[in-house]
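Spelled out from the first residue to the last, the chains are:
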Amino acid sequence: MRLITHNMLSCNIKGVTNGFPLRIEAGNVIEKEVEFNPDFLRHMFAKLEWKALVEGARSMGYAELPEDSPDAAVLESDEAFLKKLHHALLELHLEEGALVCPETGRKFPVNKGIPNMLLHEDEV
Amino acid sequence: MANRPELLAPPEIFYDETEARKYTSSSRIVEIQARLSERALELLALPEDDVPRFLLDIGCGSGLSGETISENGHHWIGLDISASMLNVAVEREVEGDLLLGDMGQGLGLRSGVIDGAISISAVQWLCNADKSCHEPRLRLKAFFGSLYRCLSRGARAVFQVYPENIAQRELILRQALQAGFGGGLVVDYPHSTKKRKEFLVLTCGSIQTSIQTSKNEHGESCSEDDFSEDEESGTVSMSDRNRARKRQKTKKNKKGREWILRKKEQSRRKGNDVPEDSKYTGRKRKSRF
C-alpha cells in the first residue's frame with residue numbers, strides 16, 4: 001500500500017467521526033520505482049491532505065517532505081520538490097504493518113501490502 | 001446455461017484459491033475482462049489530456065481489469081472481498097494498490113478524491129444477502145452513498161453488470177439514483193444474447209459531455225436508454241426503443257411493402273442472410289399465390 005492510497009483512506013466504523021488519517025505502524029517498508037510524471041502530481045496535489053502525508057511518510061521512514069504545504073509556484077517550478085513528492089507518494093510501499101484508527105484504536109492489519117479493511121458485524 | 005456464481009456461495013468463499021487461479025488462467029475470461037475494461041474506460045470519458053488519473057476498481061479481483069487501467073496510463077486503487085483473488089493479483093504484480101474490503105460496508109474513502117470508478121462483473125454480488133445480517137438494500141445504499149461522496153465533481157462511475165433479472169437491475173438503479181447519481185444504461189449488442197453487455201454509467205454532478213452511444217451488430221451507434229427521475233412518485237422510468245416499435249406494429253393492419261422492408265432490415269441487423277431488396281419485394285402477386 002502506498003501513501004497515495006493511505007491519504008485517501010479513512011476509518012469506516014459506524015459512529016466514528018474522526019477516522020482520518022489512519023496512523024501507520026510500519027513493519028516492513030519497501031521501495032519500488034515508478035515512472036515520474038509531474039502532471040499527475042500536480043493534478044493530485046489539490047486532493048492531498050498534506051499533514052497526513054508528511055506524518056505518514058515519517059512513519060515509513062521518509063522525512064524529506066517539508067512540514068508546510070507548498071504553494072502553487074513551488075509545484076510548477078521546483079523539480080527537486082516534485083521528485084521528493086513522487087518518491088513519498090508513489091514509491092514507498094508498506095508491505096507489513098497496521099493502520100490504526102485515531103478515534104477507536106482499532107487496528108487494520110496490512111499483509112503483503114494489502115490492508116484488511118473488512119469491518120466486523122458490530123462495526124457496520 | 002451454467003449456474004450463476006452468486007447463487008452458489010458468497011464471493012469470498014466462491015473465489016477461493018483454486019477458483020481464483022482458474023479464473024485468472026482462463027484465457028477466455030482474461031480476454032473478456034480486458035475487453036470489458038477497455039469499454040468501461042472508454043465510457044468513463046476521461047479528458048484526453050495525457051494526464052494520468054486516480055481511479056477506483058471496485059471488485060478488482062485478480063487485477064485483470066486493473067491491468068487495463070495501468071496500460072492506459074492511470075493509477076488506481078482496487079477493492080475486493082476475496083483474499084485469494086487479491087493474492088493472485090499480488091503475484092501478478094499489478095501496479096495498483098489493493099484493499100481487502102466489502103463494498104457493501106461503504107468504501108471508506110475521503111470526499112472528492114477519486115477521478116473515476118469502474119467495476120467489471122462485481123456489483124450484482126451486492127444484491128444477494130450472503131449473511132443473516134445482510135440486507136441488500138442497506139448494503140447498496142452504503143455502497144452508492146460512499147461512492148458518490150468519494151468521487152470528484154463531474155467524475156463518472158461505470159459498472160459492467162450481469163443482473164439476474166429486471167428486478168435486480170431496477171434495485172441497483174434505484175439505489176444509485178437515490179444516492180444522487182444521474183446517468184443511464186448503455187447496452188452493447190442488445191440483439192445478441194451471447195454478446196449483449198450492459199454498462200451502468202453514473203455521473204456525479206452535471207453531465208459535461210454527452211453519454212457515449214452504445215454499439216450494435218455492425219458497430220453502428222444506436223441510442224441508449226436514459227433514466228429520468230419521476231419527481232412526483234419517486235419512480236424510475238425507462239424509455240425503451242422496443243416498446244415504441246411494438247406500438248408501431250399494432251397500428252398497421254395491412255402488411256404492405258414497407259412492413260416487409262422493415263422486417264427484412266431487422267433480420268439483417270440480427271445477422272441473418274436476407275435476400276436483397278428489389279423492385280419485386282412486396283410486389284402484389286397473381287391471385288394463384
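- For chain B, the name recorded in an unreviewed UniProt entry is Methyltransferase type 11 domain-containing protein, with Capsella rubella as its organism.
- Under Sequence similarities (unreviewed entry), UniProt gives the following word-for-word description of chain B: "Belongs to the class I-like SAM-binding methyltransferase superfamily. BUD23/WBSCR22 family."

## Thoughts on the sheet that holds strand E2 (residues 92-100) of chain A
All names here are of chain A.
1) Next: With antiparallel pairing, the four strands of this open sheet are ordered in space as E1-E2-E3-E4. What marks the edges here is a single partner per strand, and that holds for strand E1 (23-31) and strand E4 (114-115).
2) Next: Where strand E3 (residues 107-111) meets E4, two bridges bridge the pair, whose relative direction is antiparallel. Across the sheet, residue Val-110 finds its bridge partner in E4, namely Pro-115.
3) Next: Docked against the sheet, helix H5 (residues 79-91) engages E1 and E2, running at close to 60 degrees with respect to E2.

## Details of the packing of helix H6 (residues 136-150) of chain B against helix H7 (residues 166-178) of chain B
All names here are of chain B.
1) Next: In the contact formed by H6 and H7, the axes pass within 9 Å of each other and the chain directions differ by 45 degrees. Taken together, the axis directions place H6 and H7 in an arrangement best described as oblique. Seen along the crossing, H6 lies across H7 with a hand that is right-handed. Within the contact between the two elements, H6 uses Arg-137, Leu-140, Lys-141 and Phe-144 and H7 uses Leu-171, Ile-172, Gln-175 and Ala-176.
2) Next: Along the lines of polarity and charge, the residues of the contact of H6 with H7 split into five nonpolar, one polar and two charged.

## Focus on the pattern of salt bridges
1) Next: For the structure shown, the criterion picks out 20 salt bridges over all chains.
2) Next: Measuring nitrogen to oxygen at the nearest pair gives 3.2 Å for the salt bridge that ties Asp-97 of chain B to Arg-2 of chain A. Of this pair, Asp-97 of chain B sits in strand E3 (residues 97-100) while Arg-2 of chain A sits in the segment before helix H1 (3-6), on two different chains.
3) Next: Taking the shortest distance from any N to any O, the salt bridge between Lys-264 of chain B and Asp-277 of chain B comes out at 2.9 Å. Of this pair, Lys-264 of chain B sits in helix H9 (residues 257-270) while Asp-277 of chain B sits in the segment after H9, and the two are 13 residues apart along the sequence.

## Some points on H6 of chain B
Residues and elements named next belong to chain B.
1) Next: A rise of 1.5 Å per residue sets the reference length of H6, with its 15 residues, at 21 Å; its end C-alpha atoms lie 21 Å apart and thus fit the reference within 8%.
2) Next: Among the residues making up H6, those that are buried are Pro-136, Arg-139, Leu-140, Phe-143, Phe-144, Gly-145, Ser-146, Leu-147 and Cys-150.
3) Next: Looking at the buried residues of H6, the elements they touch are strand E1 (54-58), strand E4 (114-120), strand E5 (151-161), H7 and strand E7 (197-203).

## Concerning the packing of aromatic side chains
Residue and element names in this part refer to chain B.
1) Next: If you walk through the whole model with that rule in mind, you get eight aromatic pairs over all chains.
2) Next: Ring centres of Phe-143 and Phe-144 lie 5.1 Å apart, and the angle between their planes is 55 degrees; this geometry places the pair in the tilted category. When sorted by exposure, Phe-143 lands in the same class as Phe-144, which is buried.
3) Next: Residues Tyr-148 and Phe-181 carry aromatic rings whose centres are separated by 5.1 Å and whose planes lie at 90 degrees to one another, so their mutual orientation is edge-to-face. Here Phe-181 lies in the loop between H7 and strand E6 (182-188) and Tyr-148 lies in helix H6, a separation of 33 residues in the sequence.

## Observations concerning empty space enclosed by the protein
Empty space among the atoms becomes apparent when a probe as large as a water molecule is rolled across them.
1) Next: Using the criterion set out here, one finds three cavities of 30 Å³ or more in the structure.
2) Next: Considered as a void within the structure, the largest cavity measures approximately 110 Å³ in volume.
3) Next: Along the walls of the largest cavity sit 14 residues, with Asn-12 and Met-117 of chain A together with Gly-106, Leu-107 and Gly-108 of chain B positioned nearest its centre.
4) Next: In terms of residue class, the lining of the largest cavity is built from seven nonpolar, six polar and one charged.

## Quick word on the interface of chain A and chain B
1) Next: With 31 residues of chain A in contact, the opposing surface of chain B contributes 32 residues.
2) Next: Between chain A and chain B, roughly 2,500 Å² of surface is buried when both sides are summed, and carbon and sulfur atoms account for 59% of that area.
3) Next: Sorting the residues of chain A by area buried against chain B places Met-8, Lys-47 and Ile-114 of chain A first, and these three jointly supply 23% of that buried surface.
4) Next: Between chain A and chain B we count three salt bridges in total.
5) Next: Linking Asp-115 of chain B and Lys-47 of chain A is a salt bridge whose minimum nitrogen-to-oxygen distance equals 2.2 Å.
6) Next: Broken down by element, the residue count for the side of chain A that touches chain B peaks at four residues, all from helix H2 (residues 38-45) of chain A.
7) Next: Grouping the amino acids of the side of chain A that touches chain B by side-chain chemistry returns 16 nonpolar, nine polar and six charged.

Basis of the calculations
Residues numbered from 1 in each chain as written. Chains lettered and ligands numbered in written order. Predicted model: local features only at pLDDT ≥ 70, side-chain atom pairs only at ≥ 80, totals over all residues. Heavy atoms only, no water. UniProt positions renumbered as here; feature names shortened; annotations may be inferred. Pairing = 2+ DSSP bridges. Helix = DSSP H or I, 4+ residues; strand = E, 2+ residues; numbered from the N terminus. Contact = heavy atoms within 4.5 Å. Axes fitted to C-alpha atoms, helices over the stretch in contact; angles between N-to-C directions. Parallel < 35°, antiparallel > 145°, perpendicular 65-115°, else oblique. Left-handed = near helix turned anticlockwise from the far one by under 90°. Nonpolar A, V, L, I, M, F, W, Y, C, P; charged D, E, K, R; others polar. Salt bridge = Lys/Arg side-chain N within 4 Å of Asp/Glu carboxyl O. Expected span 1.5 Å × (residues − 1). Buried < 20%, exposed > 50% of the residue type's maximum accessible area, 1.4 Å probe, protein only. Phe/Tyr/Trp six-rings, centres within 6.5 Å; stacked < 30°, edge-to-face > 60°. 1 Å grid on protein atoms, 1.4 Å probe; cavity = no way out; pocket = protein on both sides within 12 Å on 5 of 7 lines; lining within 4 Å. Points joined across faces, edges and corners; volume = space filled by probe spheres on them. Buried area = accessible area lost by both parts, 1.4 Å probe.

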